[in-house]
Amino acid sequence: MAKHIVTVNKASLQKTVQTGGCGECQASCQSACKTSCTVGNQVCQK
Amino acid sequence: MNMHRFTQNGMHIVLDVNSGAVHVVDRLTYDILAIFDGANDAAVLGAFGGEHGAEAVREVLAELRQLIAAEQLFSPPLTVPSVLASAPLVKSLCLHVAHDCNLRCTYCFAGTGDFGHDRGLMPRSVAERAVDFIIENSGPRRHCEVDFFGGEPLLNMDTVRHTVAHVRRREAETGKVFKLTLTTNALLLDQDIIDYLNAENISLVLSLDGREAVHDHMRPCADGSGSWAEVVDKARRVVEARQGENYYLRGTFTAHNLDFAADVLAMADLGFKQLSVEPVIGKDVDYALTEEHLPALFAEYEKLALIYLERRLAGNPFEFFHFNLNLHNGPCVAKRLMGCGAGHEYFAVTPEGDLYPCHQFVGRDEYRLGDVFAGVEKTELRQRFRRAHALNKAECRECWARFYCSGGCHANAQLFNGTIDQPYELGCKLQKKRLECALMVQASLALAANRE
Ligand code: SF4
Ligand code: SF4
């Protein structure tokens, strides 16, 4: 157990460079009227 | 910038931008990261060893090295996924079924519904053709989307119903799956429409600006009277009828309610739990947000984040869209770069069938891309939108938020800077603050879960 650092997640965006891009997830808009689905808030559909 | 560190709510948080890893660190580690570059151990020891002791500094350095080895700190830059170079597929359309509205919201970018043009309703034939346009241009992609939008889409339920029936028929024929959404001010919801929207599994985006006085000031009826009481009543009915699922209640805040956390809480206390509020977009108007409002807005986001956490940990949660950051199974890099897809995968369709990059571009005539009958004619403009992703813009390339924000809103960039390649700075500052709050919230929840 590290003493100074706690890592919160096991994310690796790098891995998704090759595997991602299927485009099956929901479109996301940042404008006020559409409740901005900032992309980071989405879940991958795969 | 490949690492971002900040302190909020007493937590020192470090984001490794390229991997997406998030770390909560102690004060010493936080300070060391101000100068540590992965190779300058001696300098770090020199700077911190005296005060904190060489042993503690070496411990920190050893932990940092482990993170570097695991590619969770100073991880290498990402390459642009090849899918961005391929021809775009259409996945989503926003149908402006009614360029008219029964409210007169001061801040409406649609100019109270008519988008600067005639008030008009989309005929069935245009909507039907729009659905076929998605199917013909979505290639192998299975999931497609239609958002019924306006003005106020409930003013044209005939076309909505007809379109949904057409979608269902075409789904059966083609194997495509459509997600349907409707964005409404709620005023025209009656029992018949509520039952219909529920039966057809149509997601709702309902507009309420929070407290009564705030809402009524910006969202009056055509006769000038307030709309709050009626909106709350109708929104409650539809949300109850769908067991609190499949909706968002969203509001807009302006210079008139910089204390917008109170509006979010007002909505939560009314019994709504899926919430969002967004900064208004306005130029040279009394309600516009400006640089001088930022300190107050930042403090308000922090305040909201704390209350959000408190209520969540106390078992009385509400969802605030921007804090629901998924740190574990978020979208792939391709999606993070493409963001909204406006102008290449996502289009808005006017009542006449004209295609625009998105709902906010409607009425900016030089951005008309074509129509649903002939398809996209300005293919060069479409490519410009596809290329305008976070790794292709100077500001975004250097920005720590690039994989969460995906390069910002093109419509705002164009409005404020005259080009989609230069993001709207005030929007960026708010975006980054929201993200810090979301990271703090998610880190706090993760640590709380660890303790259990
Ligand atoms: S639009 Fe602004 S906040 Fe978003 S990535 Fe670009 S510079 Fe950063
Ligand atoms: S350009 Fe802006 S308003 Fe248009 S879809 Fe994208 S984020 Fe939304």
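What counts as what
- Residues numbered from 1 in each chain as written.
- Chains lettered and ligands numbered in written order.
- Predicted model: local features only at pLDDT ≥ 70, side-chain atom pairs only at ≥ 80, totals over all residues.
- Heavy atoms only, no water.
- Core = buried A, V, L, I, M, F, W, Y, C linked by side-chain atoms within 4.5 Å.
- Buried < 20%, exposed > 50% of the residue type's maximum accessible area, 1.4 Å probe, protein only.
- Helix = DSSP H or I, 4+ residues; strand = E, 2+ residues; numbered from the N terminus.
- Contact = heavy atoms within 4.5 Å.
- Pairing = 2+ DSSP bridges.
- Axes fitted to C-alpha atoms, helices over the stretch in contact; angles between N-to-C directions.

(A) Here's a closer look at the nonpolar core. Residue and element names in this part refer to chain B. Counting 137 residues, the largest nonpolar core has Leu93, Leu95 and Leu206 as its most contacted members. The biggest single contributor to this core is helix H16 (residues 425-451), with 12 residues. If sequence neighbours within four positions are ignored, Leu95 has contacts with Met122, Ala127, Ala130, Val146, Asp147, Phe148, Phe149, Thr163 and Val349. Val14, Leu28, Leu33 and Leu73 belong to the second-largest nonpolar core, a separate cluster that totals 17 residues.

(B) Structural view of the sheet that holds strand E2 (residues 11-16) of chain B. The four strands are arranged E1(A)-E3(B)-E2(B)-E1(B) in an open sheet whose pairing can be described as antiparallel. What marks the edges here is a single partner per strand, and that holds for strand E1 (5-7) of chain A together with strand E1 (3-8) of chain B. Across the sheet, the axes of successive neighbouring strands diverge by a mean angle of 25°, strand direction being ignored. With three bridges joining them, E1 of chain A and strand E3 (residues 22-25) of chain B adopt antiparallel strand pairing. Each residue of the ladder has a partner; that of Ile5 of chain A, found in E3 of chain B, is Val25 of chain B.

(C) Structural context of the pairing of strand E4 (residues 92-96) of chain B. All names here are of chain B. The element E4 is extensively covered by neighbouring structure, given that five of its five residues are classed as buried. Side-chain alternation along E4 places Ser92, Cys94 and His96 on one buried face and Leu93 and Leu95 on a second face that is also buried. As defined by bridge partners, E4 adjoins strand E7 (residues 143-149) across five bridges and the pair is classed as parallel. When the bridges of E7 are listed, Cys94 appears paired with Asp147. One ladder, built from four bridges, connects E4 with strand E13 (residues 346-349); its direction is parallel. Paired with Cys94 across the bridge in E13 is Ala348.

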